[in-house]
Amino acid sequence: MKTILIGAFRLLLVLATGALLSACETSMPLSSKTKQLDLSEQSIGLLMLEQTREESRTMPWPRNLFVRNMATGKSQMVAVDTTFIDYGENGDHYVTPLRLALAPGKYRLDALHGTIQVFPLNGTFMVPLGLEFEVPAQSVFYMGRIHAHMRPRKGTEFRAGPPFPLIGQAALNIVTSTFDVQVRDAAATDLPIFREALPVLQAGEIGLHVLPAFDRSKFDALHAGVVDAKQGAAEAR
């Protein structure tokens, strides 16, 4: 737990300082034009992302997934491919098929990062995840559906994004919001979507390796600790 909290805290700092701009970004595998799967070195993980927001405000736009190799400690930033995104009937219920190409081994899905934009404001959000999983060899496997619901935060719940820049993050209600995160097995709904979007998957077998449940208490505790530290420093002045 301590390792997860420290890793999440570091990621918060990275997002807050804009250091993501210098990180190495990789693309998601597979497209509608892919004719043949090559699983000799990397397996393909299929993950459905569902996003909603309370009070019908501007929706968060997904940009990157952060995946950490548990053996090497190295983090990979994967650019979200929104080609197949479904915006919902009213444009307020996003469903995005995500793909990850990873060598066999143990990993952790650290966070989803993205932006919220209302001209001329540009805000940054982050959904902390901390979900560990194992990649089987030479496989295509379904990882489940992650539902991230943005809503007003209460007490010391973790924020939906860093506090800086102050004007944009505040005006877009990011610092006053949080995310409820749910992980579930929705293979009956999701796999037909993947197979329709990616014809190369239609004939092959897709295994089930659903991610563990999200534990928000880790991230609420992290945020509470940061708040307490700030309050202590202010009182000491």
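The structure presented is a predicted model; accordingly, all values stated were derived computationally and were not measured. (Residues numbered from 1 in each chain as written. Predicted model: local features only at pLDDT ≥ 70, side-chain atom pairs only at ≥ 80, totals over all residues. Heavy atoms only, no water.)

Student: How do you make sense of the sheet that holds strand E1 (residues 25–26) when you look at a structure like this?
Tutor: One key point about sheets: their strands pair by backbone hydrogen bonds, in either a parallel or an antiparallel sense. Spatially, E1-E4-E3-E6-E7 is the arrangement adopted by the 5 strands of the open sheet, whose pairing is mixed. The sheet terminates laterally at E1 and strand E7 (121–135), the two strands that pair on one side only. Summarising the sheet, strand E3 (residues 61–69) and strand E4 (residues 75–79) pair through 5 bridges and their orientation is antiparallel. Within the sheet, the bridge partner assigned to Arg68 lies in E4 and is Ser75. (Pairing = 2+ DSSP bridges. Helix = DSSP H or I, 4+ residues; strand = E, 2+ residues; numbered from the N terminus.)

Student: Quick question: what am I supposed to make of empty space enclosed by the protein here?
Tutor: To find leftover empty space, a probe the size of one water molecule is rolled over the atoms. Counted by the stated rule, this structure contains 2 cavities of 30 Å³ or more. Taken as a whole, the second largest cavity encloses approximately 50 Å³ of empty space. Forming the boundary of the second largest cavity are Leu47, Met48, Leu49, Leu65, Leu98, Leu112, Leu129 and Ile146. A total of 3 residues in the lining of the second largest cavity trace back to one element, the largest contributor, which is strand E2 (residues 43–53). Considering only residue class, the lining of the second largest cavity consists of 8 nonpolar, no polar and no charged. (1 Å grid on protein atoms, 1.4 Å probe; cavity = no way out; pocket = protein on both sides within 12 Å on 5 of 7 lines; lining within 4 Å. Points joined across faces, edges and corners; volume = space filled by probe spheres on them. Nonpolar A, V, L, I, M, F, W, Y, C, P; charged D, E, K, R; others polar.)

Student: Looking at this structure, how should I read the nonpolar core?
Tutor: Nonpolar side chains tend to gather and get buried jointly when the protein is soluble and globular. Formed by 35 residues in total, the largest nonpolar core has its most connected members in Leu65, Leu109, Phe133, Ile146, Phe179 and Leu211. The set of elements that each furnish at least two residues to this core consists of E2, E3, strand E5 (93–102), strand E6 (105–118), E7, strand E8 (140–152) and strand E9 (177–184). At 6 residues, E7 tops the list of elements feeding residues into this core. Those residues in contact with Leu65 that sit more than four places away from it in its chain are Met28, Leu47, Gln76, Met77, Val78, Val80, Leu98, Leu100, Leu109, Ala111 and Leu112. Among the nonpolar cores identified, the runner-up in size contains 17 residues, and Ile44, Leu46, Ala187 and Ile206 belong to it. (Core = buried A, V, L, I, M, F, W, Y, C linked by side-chain atoms within 4.5 Å. Buried < 20%, exposed > 50% of the residue type's maximum accessible area, 1.4 Å probe, protein only. Contact = heavy atoms within 4.5 Å.)

Student: I keep staring at the pattern of salt bridges and nothing clicks. Help me out?
Tutor: One side chain can pair with another of opposite charge once the charged atoms of both are near each other. This model, assessed by the stated rule, comprises 10 salt bridges. As a salt-bridge pair, Asp190 and Arg145 come within 2.5 Å of each other at their nearest N and O atoms. Here Arg145 lies in strand E8 and Asp190 lies in helix H3 (residues 187–197), a separation of 45 residues in the sequence. You'll find Asp190 and Arg145 in the same group, each marked buried. Because the salt bridges share partners, they merge into one network encompassing Arg151, Glu157, Asp180, Arg216 and Asp220. (Salt bridge = Lys/Arg side-chain N within 4 Å of Asp/Glu carboxyl O.)

Student: Got a minute to help me understand the pairing of E4 in this structure?
Tutor: Here 2 bridges tie E1 to E4, and the two strands are oriented parallel to one another. Bridging across to E4, Thr26 finds its partner in Val78. Linkage of E3 to E4, two consecutive antiparallel strands, is achieved through a turn of 5 residues, within which Gly73 is found at a positive phi near 80°.

Student: For this particular structure, what's the right way to read the environment of Asn122?
Tutor: With respect to the helices, strands and loops of the structure, Asn122 is situated in strand E7. As for Asn122 and Gly168, which are separated by 46 residues in sequence, their C-alpha atoms are 6.1 Å apart. Residues contacting Asn122, with those up to four places away along its chain left out, are Thr115, Ile116, Gln117 and Leu172. A polar atom in the side chain of Asn122 sits 3.3 Å from the side chain of Gln117. (Polar contact = N/O pair within 3.5 Å; in protein donor to acceptor, adjacent residues only side chain to side chain.)

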